[in-house]
Amino acid sequence: MATAQVLINDALRLIGVTASGETQTADESADALRTLNRMLGAWGARRLMIYALTRESVVTVTDTVSYTIGTGGTWNTSRPVKIAAAFIRDADNDYPVKIIQDRLEYERLTDKISLSTMPTHLYYDPAYALGTVYLYPLPDKAYTLFLVSEKPFTSIAALTTSVTLPPEYEEAVVYNLALKFAPEYGVSVTPELAALAMESLQTIK
């Protein structure tokens, strides 16, 4: 997990503007944050979305197998692109919930509408505009289910905002932000940095 300030500092070090441990002035950092958000906004306009890992809790309903998730859904939150991990917290204990990646694997499960206990498996269908979460077995009571999911974002609110990105996305942000900063500071971009920025962008595309 890194803050926006850390991402900015890493990008500035790549072009030699700051050294390790150095931080810009408040005004310079604010300008850098605007540059970062403009870049993310431009990527979003090109349908190149950056995903952040988000942890949030939802509540299950007794004997209910499926839940829509997204704005206006049963679980009213922004729709995840992918659910990476999940666990149930019950009586101050955490119990892992296995994520099923394949719909056929979920369909092969037996007793999906009769077995009722603490869910141990989860399948997520990320359909638009509402995704659907399927639990197995049926919850025998209301449980607090924690979801760790990938969600798109296009802007960062503040320099202190924590941003959790998959490694390949963080790399693309830092390398390409360095390219954006270079003209502002009158710095020439090395061929090596330009190649790394392009390669990282292609990876997330």
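Report on the accompanying structure. (Residues numbered from 1 in each chain as written. Predicted model: local features only at pLDDT ≥ 70, side-chain atom pairs only at ≥ 80, totals over all residues. Heavy atoms only, no water.)

## Some thoughts on the pairing of strand β3 (residues 66-69)
Our working rule: Throughout this description, buried means an accessible area under 20% of the type-specific maximum (1.4 Å probe, protein chains only), exposed means over 50%, and partly exposed covers the range between. Secondary structure counts use DSSP, requiring at least four H or I residues in a row for a helix and at least two E residues in a row for a strand, with both numbered from the N terminus. For two strands to be treated as a pair, DSSP must find no fewer than two bridges joining them.
Of the two faces of β3, only one is covered, namely that formed by Tyr67 and Ile69; the face formed by Ser66 and Thr68 stays uncovered. Where β3 meets strand β7 (residues 131-136), 4 bridges bridge the pair, whose relative direction is antiparallel. Pairing of Thr68 across the sheet is with Thr132, part of β7.

## A word on the sheet that holds strand β4 (residues 82-90)
What links the strands of a sheet is backbone hydrogen bonding, and the strands pair in either a parallel or an antiparallel sense. Short version of the rule: Helix axes are fitted only over the stretch in contact, all axes being lines through C-alpha atoms; the angle between N-to-C directions runs from 0 to 180 degrees.
The strand order across the open sheet built from 7 strands is β2-β8-β4-β5-β6-β7-β3, with neighbouring strands paired in mixed fashion. Across the chains shown, the open sheet's two edge strands, defined by having one partner strand only, are β2 (50-59) and β3. Neighbour-to-neighbour, the strand axes of the sheet open up by a mean angle of 30°, direction not taken into account. In this sheet, strand β8 (residues 144-153) lies alongside β2 in antiparallel orientation, the contact comprising 10 bridges. Along β8, the bridge assignment pairs Ile50 with Phe153.

## Points about the side chain of Thr60
Rules: In protein, a polar contact requires one atom able to donate a hydrogen and another able to accept it; more generally it is a pair of N or O atoms within 3.5 Å, and residues adjacent in sequence count only if both atoms are side-chain atoms. Residues count as neighbours in contact if any of their non-hydrogen atoms are within 4.5 Å of one another.
Within the secondary structure layout, Thr60 lies in the loop between β2 and β3. We classify Thr60 as buried; its relative accessible area is 2%. For Thr60, the side chain forms a polar contact with the main-chain oxygen of Lys141, separated by 3.3 Å. Among the polar contacts made by the side chain of Thr60, one reaches the main-chain amide nitrogen of Tyr143 at a distance of 2.8 Å. Other than its neighbours up to four places away in sequence, Thr60 contacts Tyr67, Leu135, Pro139, Lys141, Ala142, Tyr143 and Leu145.

## With respect to the packing of helix α1 (residues 4-14) against helix α2 (residues 26-45)
The geometry of a pair of packed helices is captured by two quantities: the angle between their axes and the separation between those axes. Keep this limit in mind: Between 65 and 115 degrees an angle is taken as roughly perpendicular, under 35 as roughly parallel, over 145 as roughly antiparallel, and anywhere else as oblique. Classification convention: Asp, Glu, Lys, Arg as charged; Ala, Val, Leu, Ile, Met, Phe, Trp, Tyr, Cys, Pro as nonpolar; all other residues, Gly among them, as polar.
Two numbers describe how α1 lies on α2: the axes approach to 10 Å, and their chain directions differ by 90°. It follows from the interaxial angle that α1 and α2 lie roughly perpendicular. Taking contact as the criterion, the partners of Ala4, Gln5 and Ile8 in α1 are, on α2, Ser29, Ala32, Leu33 and Leu36. Broken down by class, the residue content of the contact of α1 with α2 amounts to 5 nonpolar, 2 polar and no charged.

## Some details on the packing of aromatic side chains
The condition is simple: The pairing test for Phe, Tyr and Trp rings, Trp by its six-membered ring, is centres within 6.5 Å, and the orientation test on the planes gives stacked under 30 degrees, edge-to-face over 60, and tilted for anything in between. A ring has a charge above it when a Lys NZ or an Arg CZ is no more than 6 Å from the ring centre and no more than 35 degrees off the ring normal.
Summed over the entire model, instances satisfying the criterion amount to 5 aromatic pairs. Ring geometry for Tyr106 against Tyr123: centres 5.7 Å apart, planes inclined by 15°, an arrangement best described as stacked. Here the residue Tyr106 occupies a position in helix α3 (residues 103-107), and Tyr123 occupies one in strand β6 (residues 121-125), the gap between them amounting to 17 residues. On the basis of relative accessibility, which here comes to 5%, the residue Tyr106 falls in the buried class. Consider the rings of Tyr106 and Tyr134, whose centres lie 5.4 Å apart with planes at 45°: the pair is tilted. Taken together, the residues span a long stretch of sequence, with Tyr106 in helix α3 and Tyr134 in strand β7 at a distance of 28 residues. Each member of the pair, Tyr106 together with Tyr134, is buried. An aromatic cluster is defined as three or more aromatic residues linked by ring pairs; in this entry it consists of Tyr106, Tyr123 and Tyr134. Residue placement shows Arg89 over the ring face of Phe146; its charged tip is 4.6 Å from the ring centre. One residue, Lys112, lies across the ring of Tyr106, its end atom 5.5 Å from the ring centre.

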